[in-house]
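# Structural characterization, general
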Amino acid sequence: LVRIDSNQTNQEVVANFEVDVAGIVRTAGGVIGALNAKTVTVNVSGEGQGKVWSNVSRLTGGMISCEPDCQQDFTFLSSVYLQAIPDPGSYFAGWDGDCSNRATNTCDFLFLAEHKNVGARFELDTRRLTVNKSPSNSANVTVSGQGVNCGTDCEEDYVYNSLISLTATAEPGF
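Residues numbered from 1 in each chain as written. Predicted model: local features only at pLDDT ≥ 70, side-chain atom pairs only at ≥ 80, totals over all residues. Heavy atoms only, no water.

## So, the overall build of the protein chain
Counting its regular elements, the protein chain contains zero helices and 16 strands. Buried positions account for 26% of the 174 residues belonging to the protein chain. Carbon and sulfur atoms make up 49% of the accessible area of the protein chain, which amounts to about 11400 Å² in all. (Helix = DSSP H or I, 4+ residues; strand = E, 2+ residues; numbered from the N terminus. Buried < 20%, exposed > 50% of the residue type's maximum accessible area, 1.4 Å probe, protein only. Areas by Shrake-Rupley, 256 points an atom, 1.4 Å probe, with all protein chains shown as cover.)

This is the structure in structure tokens:
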């Protein structure tokens with residue numbers, strides 16, 4: 001910010017900066033921006049948790065590390081590589097927006113020429129609990145717990161790392 005006093009005459013303002021071939025504006029204090037910058041916006045959604053990051057160097061205008069949402073400017077025509085990384089107990093469920101046609105946890109934009117909006121969905125990982133009753137006299141034993149009631153339903157999916165309590169009850173006389 002340069003402030004010029006309108007009551008003073010013959011004021012001179014000198015600004016020293018350079019613009020490199022990638023369009024990055026640099027001063028003695030470091031990188032201050034990029035010409036023709038394009039913004040990549042990432043929104044993270046779902047019941048699970050995770051992050052989206054890019055290892056693009058600051059030399060090309062930006063770096064993303066989203067937990068959960070973020071946006072970053074990148075220099076015009078730079079290449080941007082995004083990767084979705086689920087937290088333990090979650091899984092990556094897919095991309096939305098400008099990455100919606102990608103089938104893996106990576107999304108790339110070669111020669112970024114326009115703003116991009118990306119969504120990454122993370123869902124809770126589940127595990128299936130199956131209760132097997134012993135074949136002899138199994139009709140006389142009921143196993144029950146959260147979601148499981150053997151006799152009729154001996155399988156249930158639970159969120160990863162959940163604490164489950166089961167009770168086996170024998171009929172009278174067994």
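Picking up after the structure, the text goes on.
## Notes on the environment of Asp87
If you trace the backbone, Asp87 turns up in the loop between β8 (80-86) and β9 (90-97). Classification of Asp87 by relative accessible area gives partly exposed; the value is 29%. Separated by 38 residues in sequence, Asp87 and Gln49 place their C-alpha atoms 5.6 Å apart. The contacts of Asp87, once residues within four sequence positions are left out, are Gln49 and Gly50. (Contact = heavy atoms within 4.5 Å.)

## Focus: the sheet that holds strand β11 (residues 116-124)
Taken together, four strands build an open sheet; the order of strands is β7-β4-β11-β9 and the sheet is mixed. Of all strands in the sheet, those with a lone pairing partner are β7 (70-74) and β9, marking the two edges. Across the sheet, the mean angle separating the axes of adjacent strands is 20° when strand polarity is ignored. Pairing analysis gives five bridges linking strand β4 (residues 38-45) to β7, with the strands arranged antiparallel. Of the residues in β7, the one forming a bridge with Thr41 is Gln71. (Pairing = 2+ DSSP bridges. Axes fitted to C-alpha atoms, helices over the stretch in contact; angles between N-to-C directions.)

## A short note on the sheet that holds strand β5 (residues 50-53)
Taken in spatial order, the four strands line up as β6-β5-β8-β10 in an open sheet, and their pairing is antiparallel. Strands with a single pairing partner mark the edges of an open sheet, and in this sheet they are β6 (65-66) and β10 (106-109). Bridge count for β5 against β6 is two bridges, and the pairing is antiparallel. By the bridge assignment, Val52 is partnered in β6 with Cys66.

## Description of the packing of aromatic side chains
Centre distance and the angle of the planes are the two values used to describe a pair of aromatic rings. Enumeration according to the criterion identifies two aromatic pairs in this entry. Centre to centre, the rings of Phe92 and Trp95 are 5.1 Å apart; their planes meet at 65°, and the pair counts as edge-to-face. Considered together, Phe92 and Trp95 belong to a single accessibility category, that of buried residues. Members of the aromatic cluster, connected to one another through ring pairs, are Phe92, Trp95 and Phe122. (Phe/Tyr/Trp six-rings, centres within 6.5 Å; stacked < 30°, edge-to-face > 60°.)

## Overview of the confidence of the model for the protein chain
Of all residues in the protein chain, 64% have pLDDT values of 70 or greater, and the mean over the chain is 75. Of all the helices and strands in the protein chain, strand β3 (residues 30-34) carries the lowest mean pLDDT, 54, while β9 carries the highest, 95. (pLDDT = per-residue confidence, 0-100.)

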